[in-house]
Amino acid sequence: MESFVRKHQKKINGTLGCFDRMLFRGYLPIQNGCAMAYFLNQKHIMFRNLKDFLTDSANRINKHAKAMADKHGRPIQYLAVPTRKEDLARKMAEKEGIQRGLVCIFSVLEPCRTFSLKFQKGGPRLEPARRKCLFIYYYFMDREFGLIHVKLQTWFPMQIQIYVNGHDWLERKLTANGITFTKHDNVFLRIDDWKRAQKLSDRFTGLNWPRILERYARYVNPLLKDLLQDYQHYWVTSQSEYATDIAFKSSSDLRELFPRLLSHSTLCFGAKDVMGFLGRKLTGHFLGEIISDMKDGGWRRRIPGARIKHRVKENWLKMYDKDGSVLRVEMVINNPEGFKVRKKVSRKNKRVLEWVPMRKGVAYLFRYREVSEQANHRYLEALA
């Protein structure tokens, strides 16, 4: 993005690349019918008692949530209608000045993947089934990450999801290192030392994510202390957002430039360009949709809310303005298999380095950053 920054350098305060919203999911090694059958046999639980076992386990998780709410004196609430849970939790934390610990707990009825008993020749069999069950949302104010949520499915296989925000993590790192800044929502409007902030931001991928995530999983799931004590989750990156921010010195500078950037992106970037931003080539073997979608938001009248999104299958690249003075280009990865990572693989009984499709495991978070940062920079270079 050097050309873009050089072209507008008199109007720019600084630049920052940082992870934004991150969703991690944990899976116990009992995700299919065979694994669940093996688990039940180990625990000497009869197949015919499957429903009672699932219900009793879910009740234990519900009771644990209520006990945690009582212990910490925090509210627990069932939400019967769609609600912006994060907004409720954030307002509650701000109003009551909660700096650390449990903020609140919500329970919601949602679709889930669990197990059912099928009768056929040769005897009963466990198979995956779609049901609705209760999910527990825990909201914590974490010392390192700020407001996070832990979402736990109460029925087996007890999938768990943890949300963190990279900008909130960086905010605490800047404070600990004595770097002053101005932050609004999840965007930095001013940082005294942009280069040092970038170095701190790059450390996000090197955190011990399995340990951090597993600690929260064991905190909210009481079954991991006895019934599942020998099991550990396999942690994956379910969704990654990596933002490259260009902070302008004044909102008027961005206000004048932004409509032209939107117009150029809409009219000039075709499918071949979008694939190029993602480091890929458009060939006749590509199967899927490439869609560029511009949301007006009234930008012709200088009203905030305009953005453009280029979507390639489940992944997309976005550009929009944040808080009126920051231009944000953001790469969102939901499915990493279209990208490559260099790793050792077995070929003819030998370990060799090859570029292979990237997987979701948190061990590849460093590559998520590289791919996203490169895509954002190519996009800004094209806008120059």
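Just so it is clear, the structure is predicted and the values come from calculations on it, not from any experiment. (Residues numbered from 1 in each chain as written. Predicted model: local features only at pLDDT ≥ 70, side-chain atom pairs only at ≥ 80, totals over all residues. Heavy atoms only, no water.)

Participant: Which residues make up the overall build of the protein, and what are the values?
Facilitator: Summing up its helical and strand segments, the protein has ten helices and 15 strands in all. Out of the 384 residues in the protein, the part that is buried amounts to 51%. Across the protein, contacts joining residues at least 24 apart in sequence account for 65% of those joining residues at least 6 apart. Summed over its atoms, the accessible surface of the protein is roughly 19,700 Å², and 50% of this surface lies on carbon and sulfur atoms. (Helix = DSSP H or I, 4+ residues; strand = E, 2+ residues; numbered from the N terminus. Buried < 20%, exposed > 50% of the residue type's maximum accessible area, 1.4 Å probe, protein only. Contact = heavy atoms within 4.5 Å. Areas by Shrake-Rupley, 256 points an atom, 1.4 Å probe, with all protein chains shown as cover.)

Participant: Please give an account of the nonpolar core that cites residues and values.
Facilitator: If you look at the biggest cluster of nonpolar residues, it comprises 104 residues, and the most contacted ones within it are M36, F39, Y138, F156, W209, M319 and L327. If near-sequence neighbours (up to four positions away) are discounted, M319 is found in contact with F258, L261, L262, S265, R307, I308, L327, R328, V329, Y379 and L383. The next biggest cluster of nonpolar side chains, apart from the first, holds 16 residues, and it includes F106, C112, C133 and F135. (Core = buried A, V, L, I, M, F, W, Y, C linked by side-chain atoms within 4.5 Å.)

Participant: Would you mind going over the pattern of salt bridges in detail, with residue names and values included?
Facilitator: Inspection of every chain in the model, using the stated rule, returns 25 salt bridges. Residue E110 pairs with K151 through a salt bridge whose shortest N-O separation is 3.1 Å. Here E110, found in strand 3 (residues 101-120), pairs with K151, found in strand 5 (residues 146-153); they are 41 residues apart in sequence, far enough to count as distant. Linking R143 and E144 is a salt bridge whose minimum nitrogen-to-oxygen distance equals 3.9 Å. Within this structure, D168, E171, R172 and K183 form a network of salt bridges that share partners. (Salt bridge = Lys/Arg side-chain N within 4 Å of Asp/Glu carboxyl O.)

Participant: Describe in detail the packing of aromatic side chains, supporting the description with residues and values.
Facilitator: Here the structure, examined in full by the defined rule, presents 18 aromatic pairs. Taken together, a centroid distance of 5.8 Å and an interplanar angle of 75° make the contact between F39 and Y231 edge-to-face. Highlighted residues: F39 in helix 2 (residues 33-42) and Y231 in the loop between helix 7 (209-220) and strand 9 (234-248), separated in sequence by 192 residues. Overall, the relative accessible area of 0% leaves F39 in the buried class. Taken together, a centroid distance of 5.2 Å and an interplanar angle of 50° make the contact between F140 and Y216 tilted. With F140 in strand 4 (residues 123-142) and Y216 in helix 7, this pair connects stretches of sequence that are 76 residues apart. By the ring-pair criterion, three or more aromatic residues cluster together here, those being F19, F24, F145, W169, F204, W209 and Y242. Just above the ring of F135 sits the side chain of K151; from NZ or CZ to the centre is 4.9 Å. Positioned over the ring face of W316 is K309, at 4.7 Å from the centre of the ring. (Phe/Tyr/Trp six-rings, centres within 6.5 Å; stacked < 30°, edge-to-face > 60°. Lys NZ or Arg CZ within 6 Å of the ring centre and 35° of its normal.)

Participant: Please provide a residue-by-residue account of the confidence of the model for the protein, values included.
Facilitator: Per-residue confidence for the protein gives a mean pLDDT of 94, with 98% of residues at or over 70. The low-confidence segment residues 299-303 (pLDDT under 50) makes eight contacts with residues lying over four places distant or belonging to another chain. (pLDDT = per-residue confidence, 0-100.)

Participant: How would you sum up the sheet that holds strand 4? Please name residues and give values.
Facilitator: The mixed open sheet is built from eleven strands, whose spatial order is 2-3-4-5-6-1-9-13-12-11-10. Two strands in the sheet have a free side with no partner beyond their single neighbour: strand 2 (76-78) and strand 10 (290-295). This sheet shows a mean twist of 15° between the axes of neighbouring strands, independent of strand direction. The sheet contact formed by strand 10 and strand 11 (residues 307-312) spans six bridges and is antiparallel. Counterpart to D293 in the pairing with strand 11 is K309. Along the sheet, helix 4 (residues 85-96) makes contact with strand 1 (12-27), strand 3, strand 4, strand 5 and strand 6 (160-165), crossing strand 3 at roughly 150°. This element, helix 10 (residues 365-383), spans strand 1, strand 9, strand 11, strand 12 (315-322) and strand 13 (326-333) of the sheet and lies at about 30° to strand 9. (Pairing = 2+ DSSP bridges. Axes fitted to C-alpha atoms, helices over the stretch in contact; angles between N-to-C directions.)

Participant: I'd love a proper account of the pairing of strand 5, names of residues and values included.
Facilitator: With eight of eight residues buried, strand 5 lies mostly within the body of the structure. Two elements, strand 4 and strand 5, share eight bridges in a ladder whose sense is antiparallel. For I136, the partnering residue across the bridge sits in strand 5 and is L152. The hairpin formed by strand 4 and strand 5 contains three residues between the paired strands. Where strand 5 lies against strand 6, four bridges are found, and the strand directions are antiparallel. Opposite K151, over in strand 6, you have Q161 as the bridge partner.

Participant: Describe the environment of R369, with residues and values.
Facilitator: With respect to the helices and strands, the residue R369 is situated in helix 10. Remark: the alpha-carbon pair of R369 and A37, spanning 332 residues in sequence, is separated by 39 Å. Sequence-distant contacts of R369, defined by excluding residues within four places in its chain, comprise F19, D202, T205 and Y242.

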